[in-house]
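Analysis of the macromolecular model
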Amino acid sequence: MKNFIIEAAVDRPHATLSVLALLLLAGIGARIAIPIESEPNIDVPYFMVSVTHEGISPEDAARLLLKPLESELRIIGGVDEVRALA
């Protein structure tokens, strides 16, 4: 079957080029017809808060920065999950 298609395409170059041109025009027409926004309105289901403080140990950062920040972020409506890394 594959050899038949290849032989038919080689034996009929005008038909092959016509089909190629038709597919190319159909693709260009479809691309023009599809609406595309430069900045689509996509709701991102997460956000990230980064806090840095140089010179403190990871234990102190977890106790003094992460725990209070987590408790404040949990108060925000619509927040399902809060994860912290020290």
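As a starting point, this report considers the structure included with it. The structure presented is a predicted model; accordingly, all values stated were derived computationally and were not measured. (Residues numbered from 1 in each chain as written. Predicted model: local features only at pLDDT ≥ 70, side-chain atom pairs only at ≥ 80, totals over all residues. Heavy atoms only, no water.)

What about the overall build of the chain?
Formally: Where helices and strands are cited, they refer to DSSP runs of H or I of at least four residues and of E of at least two residues respectively, numbered from the N terminus. Computation of the radius of gyration draws on C-alpha atoms, with the globule rule given as 2.2 Å multiplied by the number of residues to the power 0.38. With a 1.4 Å probe rolled over the protein chains alone, any residue whose accessible area is under 20% of its type maximum counts as buried; one over 50% counts as exposed, and the rest are partly exposed. In short, Shrake-Rupley with a 1.4 Å probe defines the accessible areas, and a residue's cover is counted only from the protein chains shown. Only four residue types enter the tally: Lys and Arg on the positive side, Asp and Glu on the negative side, with His and both chain ends excluded. To locate a charge, the coordinates of NZ of Lys, CZ of Arg, CG of Asp or CD of Glu are taken.
On a plain count of helices and strands, the chain comes out with 3 helices and 0 strands. Taken against the 2.2 N^0.38 rule, which gives 12 Å for 86 residues, the C-alpha radius of gyration of the chain at 30 Å runs more than 25% over that of a compact globule. C-alpha extents for the chain along the principal axes are approximately 80 × 30 × 25 Å. Within the span of the chain, comprising 86 residues, buried residues form 6% of the whole. Total accessible area on the chain is roughly 8,300 Å²; 62% of this is exposed by carbon and sulfur atoms. Within the chain, the 12 negative side-chain charges are centred at a point lying 8 Å from the centre of the 7 positive side-chain charges.

Observations regarding the pattern of salt bridges
Where we set the bar: For this document, the term salt bridge refers to a Lys or Arg side-chain nitrogen within 4 Å of an Asp or Glu carboxyl oxygen.
Counted by the stated rule, this structure contains 2 salt bridges. A salt bridge links arginine 63 to aspartate 60; the nearest nitrogen and oxygen atoms lie 2.9 Å apart. Residue arginine 63 and its partner aspartate 60 are both found in helix H3 (residues 58–75); the two are separated by 3 residues, about one turn of the helix. Exposure remark for aspartate 60: the relative accessible area of 27% places this residue in the partly exposed category. Glutamate 81 is the partner of arginine 83 in a salt bridge, and the nearest nitrogen-oxygen pair spans 2.9 Å. Considered together, arginine 83 and glutamate 81 belong to a single accessibility category, that of exposed residues.

Notes on the layout of surface pockets
Any space left empty among the atoms is revealed by the rolling of a water-sized probe across them. Our working definition: A pocket here means an open set of points on a 1 Å grid, computed over the protein atoms alone, that has protein on both sides within 12 Å along at least five of seven lines. A cavity is instead a set of points where a 1.4 Å probe fits but cannot get out; residues with an atom within 4 Å of a point line either one. Grid points are joined across faces, edges and corners, and a volume is the space filled by probe spheres set on the points. Side-chain classes follow a simple rule in which Ala, Val, Leu, Ile, Met, Phe, Trp, Tyr, Cys and Pro form the nonpolar group, Asp, Glu, Lys and Arg form the charged group, and the remainder, Gly included, forms the polar group.
Estimated volume of the largest pocket: approximately 830 Å³. Lining the largest pocket are 27 residues, and of these Phe47, Met48, Val49, Arg83 and Ala84 lie nearest its centre. Considering only residue class, the lining of the largest pocket consists of 18 nonpolar, 5 polar and 4 charged.

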